[in-house]
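Summary of the model geometry
Next come the chains, spelled out residue by residue.
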Amino acid sequence: LLTACGNHETRREYRSSDGSVVAIDTYQGDDSLHATWTFTDAKGNPYVRGCDSLHVLELGAEGHPKTVVFFLADHRQRHIQFHDKNMRLRSDGYSIDGLRTGTWYSFFPNGFKQSEGNYFAGREEGTYKVFYETGLPFYIGQYHEGHPCGTWEFYDEDGKLEGTKDYGEMEK
């Protein structure tokens, strides 16, 4: 829907069906490798910041950027953010060649973290944490090459350890 990079400053407004401004993006850069993008809501509050080239893959129903991809220097690496209809961050992470890599986060509508998990080459790897909407842990476990392993811990809504499950060790 929108792709931009280059040697200039640009300001774009995203409008809802009634014509009111729901988001504004501002690009400032001296070349495609040294640029800064900032998205703000209609009141000027920033909700997305990133560097390098940007591609808005999807607009929300109200016309604001919903799925935003920042292409990093070599264009194989991407920083991906998903936003809800109220422009709140719902998911955030990186990919290389289209496969998740590094730590990915997801968030509840109230802003609390919903999950935090590590990926390598598109598969879960290492610690994975899922939370209740209150921010307390729901479960914590380990992955190896996309498979659960080791002892996982499960918690009740008050944060007390409720039980464990042993997935055993994965072959390495």
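Above this text is the structure in question.
In this report, we go over the structure that sits alongside the text.

Analysis parameters
- Residues numbered from 1 in each chain as written.
- Predicted model: local features only at pLDDT ≥ 70, side-chain atom pairs only at ≥ 80, totals over all residues.
- Heavy atoms only, no water.
- Salt bridge = Lys/Arg side-chain N within 4 Å of Asp/Glu carboxyl O.
- Buried < 20%, exposed > 50% of the residue type's maximum accessible area, 1.4 Å probe, protein only.
- Phe/Tyr/Trp six-rings, centres within 6.5 Å; stacked < 30°, edge-to-face > 60°.
- Lys NZ or Arg CZ within 6 Å of the ring centre and 35° of its normal.
- Helix = DSSP H or I, 4+ residues; strand = E, 2+ residues; numbered from the N terminus.
- Pairing = 2+ DSSP bridges.

**With respect to the pattern of salt bridges**
Side chains that carry opposite charge are capable of pairing whenever their charged atoms lie near each other. Here the structure, examined in full by the defined rule, presents two salt bridges. As a salt-bridge pair, Arg88 and Asp84 come within 3.1 Å of each other at their nearest N and O atoms. Assessed through its relative accessible area of 34%, Arg88 is described here as partly exposed. A relative accessible area of 11% places Asp84 in the buried class. With a closest N to O distance of 2.6 Å, Lys113 and Glu116 form a salt bridge.

**Points about the packing of aromatic side chains**
Tallying each qualifying case throughout the model produces nine aromatic pairs. Summarising the aromatic geometry, the rings of Tyr119 and Tyr128 are spaced 6.5 Å apart at their centres and angled 75 degrees between planes, so their arrangement reads as edge-to-face. Comparing Tyr119 with Tyr128 shows no difference in burial state: the two are buried. When the centroid spacing of 5.3 Å and the interplanar angle of 80 degrees are considered together, the rings of Tyr143 and Trp152 count as edge-to-face. This pair shows no difference in class: Tyr143 is buried, exactly as Trp152 is. Members of the aromatic cluster, connected to one another through ring pairs, are Tyr119, Tyr128, Tyr132, Phe138, Tyr139, Tyr143, Trp152, Phe154 and Tyr167. Just above the ring of Trp104 sits the side chain of Arg100; from NZ or CZ to the centre is 4.0 Å.

**Side note on unusual backbone geometry**
Backbone geometry at Ala121 places phi at a positive 55 degrees, although glycine is not the residue there. Note on placement: Ala121 falls in the loop between strand E11 (113-120) and strand E12 (123-131). Ala121 gets classed as partly exposed once you look at its relative accessible area, which sits at 43%. One non-glycine residue with positive phi stands out, namely Glu145, at about 50 degrees.

**Things to note about the pairing of strand E9 (residues 89-96)**
Direction of pairing for strand E8 (residues 77-83) relative to E9: antiparallel, over a ladder of seven bridges. In the strand pairing of E9, His83 is matched with Leu89. Where E8 folds back onto E9 in an antiparallel hairpin, the turn is made up of five residues, including Met87, whose phi is positive at roughly 65 degrees. With five bridges connecting them, E9 and strand E10 (residues 99-107) associate as antiparallel partners. Across the sheet, residue Ile96 finds its bridge partner in E10, namely Leu99. Where E9 folds back onto E10 in an antiparallel hairpin, the turn is made up of two residues, including Asp97, whose phi is positive at roughly 55 degrees.

Note that every value here comes from positions in space, so none of it alone points to a role or purpose.
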